[in-house]
Amino acid sequence: MTPDAKARLDALAKPPGSLGKLERLALRLAATQGRLDPRTRPRRLVIFAGDHGVVADGVGLWPSAVTGAMMRLMREGRSSASALGRAAGAEFLLVDAGSLTEGLAPGPGFLDARVGRGTASLAHGPAMSVDEFDAAWALGARVAAEAAGQGIAVLALGEMGIGNTTAAAALGALLTGEAPEAMVGPGAGANPESLARKRAVVAAAVARARAEPDHLAAISGLCGYEIAALAGCIAEGSRHRLTLVLDGLIVGAAALVAQRLVPGALDGAIAAHVGAEPGHARMLAKLGLEPFLDWELRLGEGSGAALLLPLLDAAAALLTEVATLAEVTGG
């Protein structure tokens with residue numbers, strides 16, 4: 001916490017604590033930037049995309065082609081994430097870290113920097129190598145460093161990748177110590193058969209990872225390209241004192257990875273919301289982050305992070321525009 005932020009809030013012309021969670025959001029916002037007058041603009045919604053080989057093992061209802069279809073909608077500005085980011089006044093950037101998609105035109109708002117074309121299936125062995133993990137992490141770190149160099153104040157972080165709730169649940173179990181079944185939910189959709197397969201796949205993959213003596217190899221074996229890139233972005237963004245607004249389950253898994261690998265990786269992080277997936281609340285507890293919205297969201301794509309952005313404006317205004325009681329009373 002920035003040393004004087006609470007004192008500033010308590011001195012305002014209002015009863016201390018009377019604005020509830022907005023005051024806690026203001027404290028967290030000030031802490032991410034280390035200043036009493038935090039900036040909330042310019043801001044950018046960054047979506048990292050990647051595909052997952054485990055989709056072929058029947059862990060959900062949607063094929064990997066949906067990743068590409070949604071990426072195209074994002075490029076056209078017609079996805080939920082695009083609309084919510086635009087409504088919140090955020091620039092939009094889609095980063096392809098490892099999808100199977102071909103044919104997306106280069107241009108502003110899109111970066112094709114694929115480390116691979118989809119991961120291997122974590123149901124049968126490691127999803128990626130340590131070298132691939134390192135390359136994806138470096139990609140995310142580069143995106144954060146470039147944003148800082150361009151004067152961006154806030155990064156809202158999201159993802160796109162069919163199958164990535166399976167990877168996120170496995171990472172969540174590995175890095176929180178929770179039972180795998182406690183982390184698994186329906187993701188983008190499941191029937192009883194696919195949900196049972198998903199639970200079995202996650203349990204077996206986590207058991208394999210827990211037996212791996214090299215912790216980085218264990219993480220890499222469960223990861224996705226977009227998740228590793230998000231982790232690198234979180235760690236590097238915090239180093240540059242950016243405010244990082246985290247979306248749901250998959251970004252939560254990336255934050256756990258960053259927390260495990262880099263001290264101080266979450267210094268810039270704000271948890272936008274707690275999602276409907278059962279593992280997300282457990283992740284946030286391990287991360288030590290308070291979520292500010294509870295709207296039963298389960299879309300991903302940075303939707304919850306985009307929704308919090310106007311509240312950041314309100315929190316900053318509270319710190320910078322409200323008179324103190326001493327100013328009002330002359331005391």
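First, a word on what this report is: a plain description of the structure on this page. (Residues numbered from 1 in each chain as written. Predicted model: local features only at pLDDT ≥ 70, side-chain atom pairs only at ≥ 80, totals over all residues. Heavy atoms only, no water.)

1. Some remarks on the side chain of Thr 243
Turning to step 1, where the next piece is worked out: Among the secondary structure elements, Thr 243 is positioned in strand S5 (residues 243-246).
Turning to step 2, where the next piece is worked out: Polar side-chain contacts of Thr 243 include one of 2.9 Å to the side chain of Gln 33. (Helix = DSSP H or I, 4+ residues; strand = E, 2+ residues; numbered from the N terminus. Polar contact = N/O pair within 3.5 Å; in protein donor to acceptor, adjacent residues only side chain to side chain.)

2. A closer look at the packing of helix H10 (residues 225-239) against helix H11 (residues 249-261)
Turning to step 1, where the next piece is worked out: In contact at an axis separation of 8 Å, H10 and H11 are set at 60° when each is read in the N-to-C sense. It follows from the interaxial angle that H10 and H11 lie oblique. Crossing hand, H10 versus H11: right-handed. For the pair H10 and H11, the contacting residues are Ile 227, Leu 230, Ala 231 and Ile 234 in the first and Ile 250, Val 251, Ala 253, Ala 254, Ala 255, Val 257 and Ala 258 in the second.
Turning to step 2, where the next piece is worked out: Here the residues of the contact of H10 with H11 are counted per class, giving 11 nonpolar, no polar and no charged. (Axes fitted to C-alpha atoms, helices over the stretch in contact; angles between N-to-C directions. Parallel < 35°, antiparallel > 145°, perpendicular 65-115°, else oblique. Left-handed = near helix turned anticlockwise from the far one by under 90°. Contact = heavy atoms within 4.5 Å. Nonpolar A, V, L, I, M, F, W, Y, C, P; charged D, E, K, R; others polar.)

3. As for the packing of aromatic side chains
Turning to step 1, where the next piece is worked out: Applying the stated rule across the entire model yields 1 aromatic pair.
Turning to step 2, where the next piece is worked out: Ring centres of Phe 133 and Trp 137 lie 6.0 Å apart, and the angle between their planes is 40°; this geometry places the pair in the tilted category. Of this pair, Phe 133 and Trp 137 both sit in helix H5 (residues 130-149), 4 residues apart, which is roughly one turn of that helix.
Turning to step 3, where the next piece is worked out: By relative accessible area, which is 1% here, Phe 133 ends up buried. (Phe/Tyr/Trp six-rings, centres within 6.5 Å; stacked < 30°, edge-to-face > 60°. Buried < 20%, exposed > 50% of the residue type's maximum accessible area, 1.4 Å probe, protein only.)

4. Quick notes on the nonpolar core
Turning to step 1, where the next piece is worked out: Phe 48, Phe 133, Leu 155, Leu 157, Ile 234 and Leu 246 are the most contacted members of the largest nonpolar core, which totals 72 residues.
Turning to step 2, where the next piece is worked out: Excluding residues that lie within four positions of it along the chain, Ile 234 makes contacts with Leu 157, Leu 244, Leu 246, Val 251, Ala 254, Ala 255, Ala 258, Ala 265 and Leu 266.
Turning to step 3, where the next piece is worked out: In this structure, Leu 29, Phe 292, Ala 306 and Leu 309 belong to the second largest nonpolar core, which totals 40 residues. (Core = buried A, V, L, I, M, F, W, Y, C linked by side-chain atoms within 4.5 Å.)

5. Focus: the pattern of salt bridges
Turning to step 1, where the next piece is worked out: By the definition in use, this model includes 15 salt bridges.
Turning to step 2, where the next piece is worked out: In this structure, Arg 114 and Asp 96 form a salt bridge, with 3.4 Å as the shortest nitrogen-oxygen distance. A residue pair is termed long-range when its members are at least 10 positions apart, and Arg 114 in the loop between strand S3 (110-112) and H5 and Asp 96 in strand S2 (residues 91-98) qualify at 18 residues.
Turning to step 3, where the next piece is worked out: In this structure Arg 114 comes out as buried when scored by relative accessible area, which is 13%.
Turning to step 4, where the next piece is worked out: On the basis of relative accessible area, Asp 96 is assigned to the buried category, the value being 1%.
Turning to step 5, where the next piece is worked out: Residue Arg 114 is joined to Glu 102 by a salt bridge in which the shortest nitrogen-to-oxygen separation is 3.5 Å. In this pair, Arg 114 is assigned in the loop between S3 and H5 and Glu 102 in the loop between S2 and S3, connecting sequence segments 12 residues apart.
Turning to step 6, where the next piece is worked out: Sharing partners across several salt bridges, the network here consists of Asp 96, Glu 102, Asp 112, Arg 114 and Arg 117. (Salt bridge = Lys/Arg side-chain N within 4 Å of Asp/Glu carboxyl O.)

6. Considerations on the environment of Leu 36
Turning to step 1, where the next piece is worked out: Of note, Leu 36 is situated in the loop between helix H2 (20-33) and strand S1 (43-50).
Turning to step 2, where the next piece is worked out: Classification of Leu 36 by relative accessible area gives partly exposed; the value is 33%.
Turning to step 3, where the next piece is worked out: Sequence separation between Leu 36 and Ala 281 is 245 residues; the distance between their C-alpha atoms is 29 Å.

7. What to know about the side chain of Ser 99
Turning to step 1, where the next piece is worked out: Looking at where Ser 99 falls in the secondary structure, it is placed in the loop between S2 and S3.
Turning to step 2, where the next piece is worked out: With residues up to four places along the chain from it excluded, the contact list for Ser 99 reads Ala 49, Gly 50, Asp 51, Thr 67, Met 71, Arg 114, Gly 116, Arg 117 and Gly 118.

8. Considering the pairing of S5
Turning to step 1, where the next piece is worked out: Neither face of S5 is exposed, since Thr 243 and Val 245 on one face and Leu 244 and Leu 246 on the opposite face are all buried.
Turning to step 2, where the next piece is worked out: Pairing analysis gives 4 bridges linking strand S4 (residues 154-160) to S5, with the strands arranged parallel. The residue bridging Ala 156 from the neighbouring strand is Val 245, located in S5.
Turning to step 3, where the next piece is worked out: Pairing geometry for S5 and strand S6 (residues 269-273), over 3 bridges, is parallel. If you follow Leu 246 over to S6, its bridge partner there is Ala 271. (Pairing = 2+ DSSP bridges.)

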